[in-house]
Protein chains: 2
Amino acid sequence: MPQISDRGHTMPASPIRKLSKYADAAKARGVEVLHLNIGQPDLATPPQAIDAVRNFSGEYIPYSHSAGNITLRKKLAEYYNAIGIVISYEDILITNGGSEAICFAYYSILNYADEVIVPEPFYSNYYGFTTETGARMIPVRSTIESGFALPSIEEFEKALTPRTKAIMLCNPNNPTGYVYSRNELEQIRDLVKQYNLFLICDEVYREFCYDGEHYSVMNLQGIEDNVILIDSFSKRYNVCGIRIGALISRNKDVIATSLKFAQARLSPPSLGQIVAEALLDTPQNYIKESAKEYDKRRKFIINELNKIKGVRSPMPKGAFYSIVELPVDNAEKFCQWLLEEFQYEGSTIMLAPGNGFYTGKKLGDKQVRIAYILNIEKLTKAIECLKHALAVYPGRTN
Amino acid sequence: MPQISDRGHTMPASPIRKLSKYADAAKARGVEVLHLNIGQPDLATPPQAIDAVRNFSGEYIPYSHSAGNITLRKKLAEYYNAIGIVISYEDILITNGGSEAICFAYYSILNYADEVIVPEPFYSNYYGFTTETGARMIPVRSTIESGFALPSIEEFEKALTPRTKAIMLCNPNNPTGYVYSRNELEQIRDLVKQYNLFLICDEVYREFCYDGEHYSVMNLQGIEDNVILIDSFSKRYNVCGIRIGALISRNKDVIATSLKFAQARLSPPSLGQIVAEALLDTPQNYIKESAKEYDKRRKFIINELNKIKGVRSPMPKGAFYSIVELPVDNAEKFCQWLLEEFQYEGSTIMLAPGNGFYTGKKLGDKQVRIAYILNIEKLTKAIECLKHALAVYPGRTN
């Protein structure tokens, strides 16, 4: 029998999805599983955007342009211009979700064994995509004690090697919820400029900043050709399933090169693009209301979590995640136990084990990522579950 | 300014799409462009399948399972079983078009610099995806004289090295239209078995065989763990834009490994999956009628082409493409000239230059790939254009 590749062996299973089979089994036993493991919210999408696809009038469903429909790209450019990011539609490629935008960026700038520096903990799939590309992800630690603020620039400098090609940020951060300040981003800008690096920034949670304004890397002066922005419609409008994201750069070579990768896969989803274009016509108020709702959930769950003895979570400033420290022997074991052996009044919770958001497997082994995307009623139930679970879990510490 | 990767430089532009800007400019001048360059047909999709998405009743559009909706996978397994390919839904991963299925197969089995042997001319994007993966594509020549039949097994053996990991076929073949016989496939089976290779086969045009039955690699005995099947809904039902394909294998390691890559990109498009599932409920007669229509177009255009002095095309046996030899100095130059400088009664044609379907750039430079996906009226016009173009093209030979 022929063998799987080394890359295939090294590829990490997603910490967000790898326990799914245990969740399926729990559901099959009649247990309600409260999903705090995944950023799949419950808010309604603007209905007129779903109507756009309900009104699809074509006789067949053709390919689109490899870069995405020009009408969508032009409208998306207007959205950026309205929020102070001045770009042209020619700086935009529409992708299969933000995920594919990351892949195109990596393919376009990374050779085999090149390195990308990323603050740790990081969105686990960055590690997956780096592995897929044959490149290496070099972590720089941020800590729960600092609320996961940007590590010092000295730490980044220590991580630099001749193979360093890029720094990657997620702002607001998934999984920590930290929002990088303009000052922090300007320090990164100086570093990027000094060492002639690319700066890739994933800003899909841009509108979900609760304690201040978001500052985009697209507005950092003097590194216009270094910056690649990753974006997505998924979270902003709760349309994770349309798989429409975007790669944005003022660097013409990056766009031209990424377009070659885009041509190879033919086109992004046509039906999703119809929804995305209609979404750009919905009132901005929709996003503001969503942010208000997440803010309410954030305050509720973080306060409740910190009331539980041995549990600690910083107050996230943005997105809808937090890294939470638990009084357990091993968080992954605990997450699996929650699904396999625990229930409280017919319910249990699914959490994402923290170790998948770090490169070293020992790191994060007392932590989980939670997504506060359920309503307050369900979050209340989730908190009850967690309290009771920690009271009876055999591997409880302190 | 930081630099693009070597992989980015090496990545070929798609021969099918790279002349698009000249086509756009021609259209802007008011010229009708008859697209023979791309496999985007004009037949209506079964309307009840489009109705399925028109009836979408969700309040938001969530992620699906990373492997695709289980209902879709189960129905797709039934489709295979009905056509004599015995598999379970657990052998299926739903992907972003056939394109992503190829990428997952490559990631799962190829290390950097590993080699895949492919009969040449080949579907150009195989070369793109191999480049993306950091692997190497090793061509084995098929010739227009033999109608692009399978090269001899000795040629494959000559191409083997210690780095050879797989043989890749497309059956029916894009771009040549050749359909590999059971006998040819059994020779490949013996080779694959002897050298412990993977066999990847793209069978997206399975139902479009005009001169006999299709034989699937999934039915080759004794190499069950070696075979990876690539499939897609796109061509069968004219839904290229839904971006729903599939990777199928009885090799559990291939499926488990590909699932890790699938989890990293979260999920295939949710709306496309709704259409795909409904398509599997449409009468099989739809596909038979489509095949009858393509067969009519095939005979018409190939006969007309061979009547033009200096033009030659074998009669393709399947799919809806043919590689056509033209009496021109350089086919790519000719294709560009058709869009930039030629028109006949307000129309011109867009063709895909042949060199993009070969690894050596000199090969195929008198050839083009045509897709006979337009109706007879338009194909008649296209033939008229080609005749007149060849009469006045400055680089005409013989």
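Residues numbered from 1 in each chain as written. Chains lettered and ligands numbered in written order. Predicted model: local features only at pLDDT ≥ 70, side-chain atom pairs only at ≥ 80, totals over all residues. Heavy atoms only, no water.

Helix and strand content of chain A: 13 helices and twelve strands. Counting only C-alpha atoms and orienting by the principal axes, one finds that chain A spans roughly 55 × 55 × 55 Å. Classification of the 398 residues of chain A by burial places 65% in the buried group. Just so you have it, chain A exposes about 13600 Å², and 50% of that area is on carbon and sulfur atoms. On chain A, the mean spot of the 45 positive side-chain charges and the mean spot of the 45 negative ones are 2 Å from each other. (Helix = DSSP H or I, 4+ residues; strand = E, 2+ residues; numbered from the N terminus. Buried < 20%, exposed > 50% of the residue type's maximum accessible area, 1.4 Å probe, protein only. Areas by Shrake-Rupley, 256 points an atom, 1.4 Å probe, with all protein chains shown as cover. Lys, Arg positive; Asp, Glu negative; His and termini not counted. Charge placed at Lys NZ, Arg CZ, Asp CG, Glu CD.)

Each partner contributes to the interface: chain A provides 80 residues, whereas chain B provides 80 residues. When chain A packs against chain B, the two sides together hide about 6700 Å² of surface, and 56% of this comes from carbon and sulfur. For chain A, the biggest contributors to the area lost against chain B are Pro2, Arg17 and Tyr63 of chain A; these three give 11% of the whole. Counting across the interface, chain A meets chain B through zero salt bridges. At the boundary of chain A and chain B, one finds 53 residue pairs in polar contact (both at pLDDT 80 or more). Mapped onto the side of chain A that touches chain B, the elements with two or more residues apiece are α1 (6-10), α3 (47-54), α5 (97-109), α6 (124-133), α9 (252-264) and α10 (270-279) of chain A. Element by element, the count of residues in the side of chain A that touches chain B is highest for α9 of chain A, at seven residues. Residue composition of the side of chain A that touches chain B, by class: 36 nonpolar, 29 polar and 15 charged. (Contact = heavy atoms within 4.5 Å. Buried area = accessible area lost by both parts, 1.4 Å probe. Salt bridge = Lys/Arg side-chain N within 4 Å of Asp/Glu carboxyl O. Polar contact = N/O pair within 3.5 Å; in protein donor to acceptor, adjacent residues only side chain to side chain. Nonpolar A, V, L, I, M, F, W, Y, C, P; charged D, E, K, R; others polar.)

This next bit is on the relation of the copies chain A and chain B. With an RMSD of 0.0 Å, chain A superimposes on chain B once it is rotated by 180 degrees and translated 0.0 Å along the axis. Put plainly, the chains are arranged around a two-fold axis. Nearest to the rotation axis, the C-alpha of Arg54 of chain A is located 1.9 Å from it, this being the minimum over chain A. A share of 100% of interface residues in chain A that are also interface residues in chain B marks the association as one of identical surfaces. (Least-squares fit on C-alpha atoms with pLDDT ≥ 70 in both.)

Taken as a whole and assessed by the stated rule, the structure comprises 58 salt bridges over all chains. With a closest N to O distance of 3.3 Å, Asp295 of chain B and Lys299 of chain B form a salt bridge. Taken together, the positions of Asp295 of chain B and Lys299 of chain B, both in helix α11 (residues 285-307) and four residues apart, correspond to about one turn of that helix. Lys362 of chain B is paired through a salt bridge with Asp365 of chain B; the nearest N and O atoms lie 3.7 Å apart. Since its relative accessible area comes to 12%, Asp365 of chain B is described here as buried. Each of Glu203, Arg206, Glu207, Asp231 and Arg236 of chain A takes part in salt bridges that share partners, so that together they form one network.

Our focus in this paragraph is empty space enclosed by the protein. Enumeration according to the criterion identifies seven cavities of 30 Å³ or more in this entry. Those elements that place two or more of their residues in the lining of the largest cavity are α5 and α6 of chain A together with α5 (97-109) and α6 (124-133) of chain B. Split into classes, the residues belonging to the lining of the largest cavity amount to ten nonpolar, six polar and eight charged. (1 Å grid on protein atoms, 1.4 Å probe; cavity = no way out; pocket = protein on both sides within 12 Å on 5 of 7 lines; lining within 4 Å. Points joined across faces, edges and corners; volume = space filled by probe spheres on them.)

Residues and elements named next belong to chain A. Considering the arrangement of structural elements, one finds Thr257 in helix α9. In this structure Thr257 comes out as buried when scored by relative accessible area, which is 7%. A polar atom in the side chain of Thr257 sits 2.7 Å from the backbone oxygen of Asp253.

Overall, the predicted model of chain A reaches an average pLDDT of 96, with 100% of residues at or above 70. Taken over the whole predicted complex, pTM reads 0.96, whereas the ipTM for its chain interfaces reads 0.96. (pLDDT = per-residue confidence, 0-100.)

Residues and elements named next belong to chain A. Within α6, nine of the ten residues are buried, leaving the element largely enclosed by the surrounding structure. Residues Ser124, Asn125, Tyr126, Gly128, Phe129, Thr130, Thr131, Glu132 and Thr133 constitute the buried set of α6. Once α6 ends, the next one or two residues include Gly134, with phi positive near 85 degrees.

Let us look at unusual backbone geometry. Note the cis peptide between Glu120 of chain B and Pro121 of chain B, where omega equals 0 degrees. Each neighbour pair has its own omega, and for Asn171 of chain B with Pro172 of chain B the value is -5 degrees, a cis peptide bond. Locating Pro172 of chain B in the fold gives a position in the loop between β5 (164-170) and α8 (182-195). Positioned with a positive phi, Phe148 of chain A is a non-glycine residue whose angle comes to about 70 degrees. Structurally, the position occupied by Phe148 of chain A is in the loop between β4 (136-141) and α7 (153-159). Although it is not a glycine, Asn238 of chain A adopts a positive phi angle of roughly 55 degrees. The exposure class assigned to Asn238 of chain A is buried, which follows from its relative accessible area of 1%.

The next subject is the sheet that holds strand β6 (residues 198-202) of chain B. Residue and element names in this part refer to chain B. Strand order across the open sheet formed by seven strands is β2-β8-β7-β6-β5-β3-β4, with mixed pairing between neighbours. Edge strands, defined here as strands with exactly one partner in the open sheet, are β2 (92-96) and β4 (136-141). With strand direction ignored, the average angle separating the axes of adjacent strands in the sheet is 25 degrees. Alignment of β2 against strand β8 (residues 244-249), held across five bridges, turns out to be antiparallel. (Pairing = 2+ DSSP bridges. Axes fitted to C-alpha atoms, helices over the stretch in contact; angles between N-to-C directions.)

A separate point is the side chain of Ser290 of chain A. Residue and element names in this part refer to chain A. With respect to the helices and strands, the residue Ser290 is situated in helix α11 (residues 285-307). Ser290 gets classed as buried once you look at its relative accessible area, which sits at 5%. At 3.0 Å, the side chain of Ser290 forms a polar contact with the backbone oxygen of Tyr286. Excluding residues that lie within four positions of it along the chain, Ser290 makes contacts with Leu43 and Phe208.

What follows is about the pairing of β5 of chain B. Residue and element names in this part refer to chain B. Extensive coverage of β5 is indicated by the burial of seven of its seven residues. Examined bridge by bridge, strand β3 (residues 115-120) and β5 share three bridges and lie parallel to one another. Bridging from a neighbouring strand, Glu115 pairs with Thr164 of β5. Bridge analysis of β5 against β6 gives five bridges, and the strand direction is parallel. Following the sheet pairing, Cys170 is matched in β6 by Asp202. In this view, the connection linking β5 to its parallel neighbour β6 by way of α8 has right-handed handedness. (Right-handed = clockwise from strand over helix to strand, strands pointing away.)

All names here are of chain A. Pairing in this open sheet of seven strands is mixed, and the strands run β2-β8-β7-β6-β5-β3-β4 from one edge to the other. At either margin of the open sheet sits one strand with a lone partner, and together these are β2 (92-96) and β4. In this sheet, neighbouring strand axes are inclined to one another by 25 degrees on average, regardless of whether the strands run parallel or antiparallel. Here five bridges tie strand β7 (residues 227-232) to strand β8 (residues 244-249), and the two strands are oriented antiparallel to one another. When the bridges of β8 are listed, Leu229 appears paired with Ile248. Against the sheet, helix α4 (residues 70-82) contacts β2, β7 and β8, and its axis sits at roughly 110 degrees relative to β2.

Take the packing of aromatic side chains next. The description of an aromatic ring pair rests on the distance of the ring centres and on the angle between the ring planes. According to the stated counting rule, one finds 35 aromatic pairs over all chains in the structure shown. Plain terms: the ring middles of Trp337 of chain A and Tyr393 of chain A are 4.9 Å apart, the flat faces sit at 65 degrees to each other, and that makes the pair edge-to-face. Residue Trp337 of chain A is found in helix α12 (residues 331-340), and its partner Tyr393 of chain A is found in the segment after α13 (376-392); the two are separated by 56 residues along the sequence. Residues Trp337 of chain A and Tyr393 of chain A agree in their burial class; the two are buried. Centre to centre, the rings of Tyr205 of chain B and Tyr321 of chain B are 5.4 Å apart; their planes meet at 90 degrees, and the pair counts as edge-to-face. Of the two residues, Tyr205 of chain B is situated in the loop between β6 and β7 (227-232) and Tyr321 of chain B in strand β9 (residues 321-325); the sequence distance between them amounts to 116 residues. Tyr205 of chain B sits in the buried class, given a relative accessible area of 3%. Grouped by ring-pair contacts, the aromatic residues Tyr205, Phe208, Tyr294, Phe320 and Tyr321 of chain A constitute a single cluster. Against the face of Tyr63 of chain B rests Arg17 of chain A, its NZ or CZ located 5.4 Å from the ring centre. (Phe/Tyr/Trp six-rings, centres within 6.5 Å; stacked < 30°, edge-to-face > 60°. Lys NZ or Arg CZ within 6 Å of the ring centre and 35° of its normal.)

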